[in-house]
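Here is how the chains run, residue by residue.
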Amino acid sequence: MPLHLEPGDGPPSFVDLLATAGYRAMAAGLRLGVFEALAAEGLSSAGLSSEGLAARLGTDPRGTALLAEALVAFGYLERSDDGYTNTASTRKWLSGGGYREVDQFWSTVLFESWDGLEESIRSGKPALDFYGWLSSRPETLGRFQGMLSGHADGIAPEVCGLVPVGARLLDLGGGHAKYAIRLCAEHPGLHATVIDLPEALAVGSGAVTDAGMCHRVALWPGDYDSLELGGDYDTVLLFNVVHGRTAAANRTLLDRVAAAVRPGGAVVLLEHDEHSEDRAADAFARVFSLNLFHGQGGQVYSGAEIEGWLVGAGFAEVATHPLRTSPGQSLIVARKVV
Ligand SMILES: C[S@@+](CC[C@H](N)C(=O)[O-])C[C@H]1O[C@@H](n2cnc3c(N)ncnc32)[C@H](O)[C@@H]1O
């Protein structure tokens, strides 16, 4: 059973101390291959002693035994006379399933990039250049794009049904290209252009080729703040982009977007909701927002603030659609004033 922590009468920080240490121990388990080793054929039911596990991983037996015990305490492993096995939830989410990629990503972000958090908060400027940091960590960059691409696979059917399209679409920061590919597949007359940084477009390039969409989806590597965007688009997508930037940078970018959209055309934003009814989802949104501030100078912005930027850039008819397939996220659609 996963460990559920409640503060009770003790210091509330003790719960967070435990949760942080448990998450770090889980990350060590992931990085060292503990869960995969235990899931290996024939071992998932029989179990493995800590010495056997250490031999399989090439790790120190005493350190491995202590890590295994910590992972038992936090509900990731079970211990029996036969040795250690993955718990059912570890089998579901970490040794099988794709959630280990999410945990690999977030544990790297939290334990490696949050060092300068106080400096960001003191100075008001991001102490980290998130995309520079990512590009120097190709594995983490691959996980980041993989997570976004996997999320897009899940929500694209709903999202694409809400996007107004014509003949030409521009996706700014569209990296993995999944939305452009799906929209082109659904609308035979549509041609799309995806702009993103070169490393991110390498992921999109594979997806476009696999989908047989090279003639319909063009990939432009570059900086969407300075690249010539072209004009007369029916639709511009800005999915998960504005939360990674300052308000001033967003106003400037939306002015550029407005100049690129034809009158009556649409800009469509995908963003996290500022607040959520669910306490855990709300806490995640707050931590996510802090992470955006620290790494990119951004944050999760309120719908009212985003609407103000859109109206200021010359858009109207702003409509917000909360997503059924991604609770806590909404699609914001606005039309350029004719
Ligand atoms: C959070 S991701 C969103 C990806 C995709 N739109 C989605 O919603 O799944 C933001 C994307 O913007 C790209 N990006 C960040 N800064 C950029 C810039 N200055 N020019 C072009 N792309 C940029 C990143 O590489 C990344 O792919």
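Residues numbered from 1 in each chain as written. Predicted model: local features only at pLDDT ≥ 70, side-chain atom pairs only at ≥ 80, totals over all residues. Heavy atoms only, no water.

## What about the domain arrangement of the protein chain?
Part 1 of the reasoning: Looking at the protein chain, the domain boundaries give domain 1 (12-96) and domain 2 (150-336).
Part 2 of the reasoning: Here the C-alpha centroids of domain 1 and domain 2 sit 39 Å apart. (Domains from an automatic or database assignment.)

## Quick notes on the pattern of salt bridges
Part 1 of the reasoning: Evaluated as defined, the whole model comprises 10 salt bridges.
Part 2 of the reasoning: Across the pair Glu186 and Arg182 runs a salt bridge whose closest N-O atoms are separated by 2.9 Å. Of this pair, Glu186 and Arg182 both sit in helix α11 (residues 178-186), four residues apart, roughly one helical turn.
Part 3 of the reasoning: Among the residues examined, Glu186 registers a relative accessible area of 36% and is labelled partly exposed.
Part 4 of the reasoning: Its salt-bridge partner being Asp234, residue Arg262 comes within 2.6 Å of it at the nearest N-O pair. Of this pair, Arg262 sits in strand β7 (residues 261-272) while Asp234 sits in strand β6 (residues 233-239), and the two are 28 residues apart along the sequence.
Part 5 of the reasoning: Judged by its relative accessible area of 29%, Arg262 is partly exposed.
Part 6 of the reasoning: Given the relative accessible area of 12%, Asp234 is considered buried.
Part 7 of the reasoning: Salt bridges sharing partners connect three or more residues here, namely Glu101, Glu139 and Arg143. (Salt bridge = Lys/Arg side-chain N within 4 Å of Asp/Glu carboxyl O. Helix = DSSP H or I, 4+ residues; strand = E, 2+ residues; numbered from the N terminus. Buried < 20%, exposed > 50% of the residue type's maximum accessible area, 1.4 Å probe, protein only.)

## Notes on the site of the ligand
Part 1 of the reasoning: Within the structure, the ligand sits among 15 residues, and Gly173, His176, Asp196, Phe239 and Asn240 are positioned closest to it.
Part 2 of the reasoning: In this structure, an oxygen atom belonging to the ligand sits 2.7 Å away from a side-chain N or O atom of His176.
Part 3 of the reasoning: Taking Gly222, its main chain carries an N or O atom lying 3.5 Å from a nitrogen atom of the ligand.
Part 4 of the reasoning: Of the residues assigned to the shell around the ligand, the class counts are eight nonpolar, five polar and two charged. (Near = heavy atom within 4 Å. Polar contact = N/O pair within 3.5 Å; in protein donor to acceptor, adjacent residues only side chain to side chain. Nonpolar A, V, L, I, M, F, W, Y, C, P; charged D, E, K, R; others polar.)

## Describing unusual backbone geometry
Part 1 of the reasoning: Even without a glycine there, the phi angle at Ala177 is positive, about 70°.
Part 2 of the reasoning: With respect to the element layout, Ala177 can be found in the loop between β3 (168-172) and α11.
Part 3 of the reasoning: Look at Ala177 and you get buried, because its relative accessible area is 0%.
Part 4 of the reasoning: Positive phi outside glycine occurs at Glu317, with the angle close to 50°.
Part 5 of the reasoning: Structurally, Glu317 can be placed in strand β8 (residues 315-322).
Part 6 of the reasoning: A residue is classified by how much of its surface remains accessible, and Glu317, at 65% relative accessible area, is exposed.

## Examining the packing of aromatic side chains
Part 1 of the reasoning: Enumeration according to the criterion identifies 14 aromatic pairs in this entry.
Part 2 of the reasoning: Both rings, one in Tyr23 and one in Phe111, keep their centres 6.3 Å apart while their planes meet at 35°; by these two values the pair is tilted. Linking Tyr23 in helix α1 (residues 12-32) with Phe111 in helix α7 (residues 99-113), this pair joins segments that are 88 residues apart in sequence.
Part 3 of the reasoning: Note on Phe111: relative accessible area 30%, which makes it partly exposed. (Phe/Tyr/Trp six-rings, centres within 6.5 Å; stacked < 30°, edge-to-face > 60°.)

## Let's talk about the pairing of β3
Part 1 of the reasoning: Where burial is concerned, most of β3 is hidden: four out of the five residues are buried.
Part 2 of the reasoning: Note that β3 and strand β4 (residues 191-196) share five bridges and pair parallel. In the strand pairing of β4, Arg168 is matched with His191.
Part 3 of the reasoning: Handedness of the crossover joining β3 and β4 through α11 is recorded here as right-handed.
Part 4 of the reasoning: The pairing of β3 with β6 spans four bridges and is classified as parallel. Within β6, the residue paired with Leu172 across the bridge is Leu238. (Pairing = 2+ DSSP bridges. Right-handed = clockwise from strand over helix to strand, strands pointing away.)

## Quick notes on the packing of α7 against helix α10 (residues 138-162)
Part 1 of the reasoning: Between α7 and α10, whose axes approach to 9 Å, the crossing angle comes to 125°. In terms of orientation, α7 lies oblique with respect to α10. Read as a crossing pair, α7 and α10 show a hand that is left-handed. Contacts between α7 and α10 involve Glu101, Val102, Gln104, Phe105, Trp106 and Thr108 from the former and Thr140, Arg143, Phe144 and Met147 from the latter. (Axes fitted to C-alpha atoms, helices over the stretch in contact; angles between N-to-C directions. Parallel < 35°, antiparallel > 145°, perpendicular 65-115°, else oblique. Left-handed = near helix turned anticlockwise from the far one by under 90°. Contact = heavy atoms within 4.5 Å.)

## A closer look at the packing of α1 against α7
When two helices pack together, their arrangement is captured by the angle between the axes and the distance separating the axes.
Part 1 of the reasoning: Between α1 and α7, the shortest axis-to-axis distance is 10 Å and the interhelical angle comes to 120°. Taken together, the axis directions place α1 and α7 in an arrangement best described as oblique. For the element pair α1 and α7, the recorded crossing hand is left-handed. The residues of α7 that touch α1, namely those facing Thr20, Tyr23, Arg24, Met26, Ala27, Leu30 and Arg31, are Arg100, Asp103, Gln104, Trp106, Ser107, Thr108, Leu110, Phe111 and Glu112.
Part 2 of the reasoning: Considering only residue class, the contact of α1 with α7 consists of seven nonpolar, four polar and five charged.

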